[in-house]
Amino acid sequence: MTPEELRENLQDLADNGYREFHLRTCPQAQHLLGVRLPAQRKLTKQIIKSGDYWQFLDSFTPYYYEEVMITGIIIASAPMGLAERLDYVAWFLPYINNWAVCDTFCNSFKIPPIDLDKYWDFLMQFQDSQEEYTLRFIFVMLLCHFINLDYLERIFQLLDEIHCEKHYVEMAKAWLIAEIFTKFPNQTYDYLSHDQLSTFAHNKAIQKACESRRIFDADKQHLRSMKL
């Protein structure tokens, strides 16, 4: 499938009703056609299986929202070496301009445990960024792939060190902390007792944890008492 054929397929699959719905949940999405994510993933698999994905990564400039999404999924999941993949990730980061592309991109990686340290070092190159979705990318990648004891203290330190009150960064921080709580409640209690988060992120993390069905009611009651 060539880039031109991909665009034709996406235009054929466009659903204006779904487009309007998705814009309500993700108003930052630009040039949205209205193609559902399962259909995008199906096209992505066809591209990867055919071997044509190199055309997209080396010569294709994605324009439509769905083209950006598919490019990201290819980068995250197509067979390639680690160094090459990370080069493409760095190239792709400026294309991320909404939470949906960011989060789908992060979820599409399959990172073997042996490569986690290399991914961590790669992510830390961007911790001083001022770009909202680059910073969200860091925190969602941690959420998807790094919630284990080996990285827990480093994650808590990073949450405190990155000071950015842009909405989708703060929401990613809160989501990350809530997810950590489901696995490591005692360590999260300790962190929340002295964190350097904004009041919004601190309280939002507690709110999101209390919305989880994986957390006991007694823990939710304790968490609510820690709101600022």
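Refer to the preceding data block for the structure.
Residues numbered from 1 in each chain as written. Predicted model: local features only at pLDDT ≥ 70, side-chain atom pairs only at ≥ 80, totals over all residues. Heavy atoms only, no water.

A.B. asks: Quick question: what am I supposed to make of the packing of aromatic side chains here?
C.D. replies: What describes a pair of aromatic rings is the distance from one ring centre to the other and the angle between the planes of the rings. Enumeration over the complete set of coordinates arrives at 19 aromatic pairs. Look at Trp91 and Phe92: their rings are 6.5 Å apart centre to centre, the planes differ by 40°, and that puts the pair in the tilted class. According to the relative accessible area criterion, Trp91 is partly exposed, its value standing at 31%. Residue Phe92 is classed as buried on the basis of its relative accessible area, which comes to 0%. Grouped by ring-pair contacts, the aromatic residues Trp91, Phe92, Tyr95, Phe105, Phe109, Tyr119 and Phe137 constitute a single cluster. Looking at Arg154, its charged tip hangs above the ring of Trp120, at a distance of 5.2 Å from the centre. (Phe/Tyr/Trp six-rings, centres within 6.5 Å; stacked < 30°, edge-to-face > 60°. Buried < 20%, exposed > 50% of the residue type's maximum accessible area, 1.4 Å probe, protein only. Lys NZ or Arg CZ within 6 Å of the ring centre and 35° of its normal.)

A.B. asks: Explain the pattern of salt bridges to me, please; I cannot follow it from the model alone.
C.D. replies: Side chains carrying opposite charge are able to pair once their charged atoms draw close together. Applying the stated rule across the entire model yields 4 salt bridges. The salt bridge involving Asp103 is made with Arg136; its shortest N-O contact spans 2.8 Å. Remark: Arg136 occurs in helix α9 (residues 132–145) and Asp103 occurs in helix α7 (residues 99–107); sequence separation between them is 33 residues. Just as Asp103 is buried, Arg136 falls in that class too. (Salt bridge = Lys/Arg side-chain N within 4 Å of Asp/Glu carboxyl O. Helix = DSSP H or I, 4+ residues; strand = E, 2+ residues; numbered from the N terminus.)

A.B. asks: Where do I start with helix α1 (residues 3–13) in this structure?
C.D. replies: Along an α-helix, a turn takes 3.6 residues, which lines up residues three or four apart on a common side. The complete set of buried residues in α1 reads Pro3, Leu6 and Leu10. Angularly, the buried residues of α1 cover 55° about the axis, an arc narrow enough to put them on a single face. Every exposed residue of α1 that faces more than 90 degrees away from the buried side is listed here: Glu4 and Asp12. Elements in contact with the buried residues of α1: α3 (37–50), α4 (53–58) and α5 (65–77). (Arc of directions from axis to C-beta. Contact = heavy atoms within 4.5 Å.)

A.B. asks: Help me understand the packing of helix α8 (residues 116–124) against α9 in this model?
C.D. replies: Each pair of packed helices can be described by the angle between their axes along with the distance between the axes. Here α8 crosses α9 at 165°, and the two axes come no closer than 10 Å. Overall, the two elements α8 and α9 adopt an arrangement that is roughly antiparallel. Here α8 runs over α9; the crossing is left-handed. For the pair α8 and α9, contact is made by Leu116, Tyr119, Trp120, Leu123 and Met124 and by Phe137, Ile138, Met141, Leu142 and His145, respectively. Partitioned by chemical class, the residues of the contact of α8 with α9 number 9 nonpolar, 1 polar and no charged. (Axes fitted to C-alpha atoms, helices over the stretch in contact; angles between N-to-C directions. Parallel < 35°, antiparallel > 145°, perpendicular 65-115°, else oblique. Left-handed = near helix turned anticlockwise from the far one by under 90°. Nonpolar A, V, L, I, M, F, W, Y, C, P; charged D, E, K, R; others polar.)

A.B. asks: Would you mind showing me how to read the layout of surface pockets here?
C.D. replies: A water-sized probe rolled over the atoms picks out the places where empty space is left. Considering only enclosed or pocket space, the largest pocket measures out at about 170 Å³ in volume. For the largest pocket, the lining is made up of 14 residues, of which His22, Leu37, Tyr65, Ala100 and Thr104 are closest to its centre. Elements supplying a minimum of two residues to the lining of the largest pocket: α2 (16–25), α3, α5 and α7. A total of 4 residues in the lining of the largest pocket trace back to one element, the largest contributor, which is α7. (1 Å grid on protein atoms, 1.4 Å probe; cavity = no way out; pocket = protein on both sides within 12 Å on 5 of 7 lines; lining within 4 Å. Points joined across faces, edges and corners; volume = space filled by probe spheres on them.)

In short, geometric facts, not functional conclusions.
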